[in-house]
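Coordinates in review
One letter stands for each residue in the lines below.
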Amino acid sequence: MVTYDLRSKKPVPPGGRWSSKRPSETHRSTFSRQTKVKITLISLILIGVGATILLTFFPSEEKRVKKQFHLLAASLSKETGENIFTMDQKLKKIGSFFNEACEIHIPAYALSGRVSREEIIAYATRGRIQFRELLLKFHDFNIAFPKDDEARVQLTARLTGKTATGEAVNEAHEVDSLLAKIEKKWMFIRVEVVEILKK
């Protein structure tokens, strides 16, 4: 015999009325926690990706300053058999790292005073001619920013190579520099060789 529900006019299954089962509170709570964990993980991944992009395409000012030193070192360095075209390009590039007037103090080479960009290029030309092979590297950087548009850099400069007469050169210099941010570019405005360190 089939029994019908008086309200819905639908047959009632054996053992009782139709039941609408809902997820338990525990199940809903577990689902909610899993969703929150997923959202948190996705947010952390997006933040990490964003930070990586910023550091890659918008390097810090400290990295920009260091880059100027490394580019200057590459321009001053000289390989054996360097041709005239390469030499000319490097010398032009050297001038672009310095302000129109820069304070230069290198007591060991009797050089001290305010010099123009053209004079710096001339000094670099004469200095490089004396070497058959020259490698300049900067390390042990200590960078401070006394002002937003100024950077004071203390470091060690290592100079190795061979003179035009074949004599080996290996010197380490302690250098104190001051750079200024001019038209969004870090330029040298003072360079002082404080001390010649032991080889």
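Details of the structure are given in the entry above.
Quick look at the structure, then. Note that the coordinates shown come from a computational prediction; the quantities given were computed from them, not determined experimentally.

Mapping D149 onto the fold places it in the loop between β5 (131-147) and β6 (150-163). C-alpha of D149 to C-alpha of K181: the two residues are 32 residues apart in sequence and 4.9 Å apart in space. Setting aside its immediate chain neighbours within four residues, D149 contacts L179, A180, K181 and W186.

Here we come to the packing of aromatic side chains. All chains considered together, the criterion is met by 5 aromatic pairs. Here the aromatic rings of F98 and F188 are separated by 5.3 Å at their centres, their planes lie at 35 degrees, and the arrangement is tilted. Residue F98 is located in strand β3 (residues 98-106), and its partner F188 is located in strand β8 (residues 185-197); the two are separated by 90 residues in the primary sequence. Of the two residues examined, F98 and F188, each falls in the buried class.

Attention now moves to unusual backbone geometry. Excluding glycine, most residues fall at negative phi; most peptide bonds, likewise, are trans. In the Ramachandran plot, E183 falls in the positive-phi region, its phi being about 55 degrees despite a non-glycine side chain. Relative to the elements of secondary structure, E183 occurs in the loop between β7 (168-182) and β8. For E183, a relative accessible area of 78% gives the class exposed. Its identity is not glycine, yet K184 carries a phi of approximately 65 degrees, on the positive side. When you line up the elements, K184 lands in the loop between β7 and β8.

Here the focus is the pattern of salt bridges. Across all of its chains, the model carries 8 salt bridges by this definition. Ionic pairing is found between R64 and E61, a salt bridge with its closest N-O pair at 3.8 Å. With a gap of 3 residues between them, R64 and E61 both fall in helix α2 (residues 61-76), about one helical turn apart. With relative accessibility at 34%, the residue R64 sits in the partly exposed group. With its nearest N and O atoms 3.5 Å apart, the salt bridge here joins R190 to E192. We classify R190 as partly exposed; its relative accessible area is 22%. Through salt bridges with shared partners, a single network forms among E61, R64 and K181.

Conventions we followed
- Residues numbered from 1 in each chain as written.
- Predicted model: local features only at pLDDT ≥ 70, side-chain atom pairs only at ≥ 80, totals over all residues.
- Heavy atoms only, no water.
- Helix = DSSP H or I, 4+ residues; strand = E, 2+ residues; numbered from the N terminus.
- Contact = heavy atoms within 4.5 Å.
- Phe/Tyr/Trp six-rings, centres within 6.5 Å; stacked < 30°, edge-to-face > 60°.
- Buried < 20%, exposed > 50% of the residue type's maximum accessible area, 1.4 Å probe, protein only.
- Salt bridge = Lys/Arg side-chain N within 4 Å of Asp/Glu carboxyl O.

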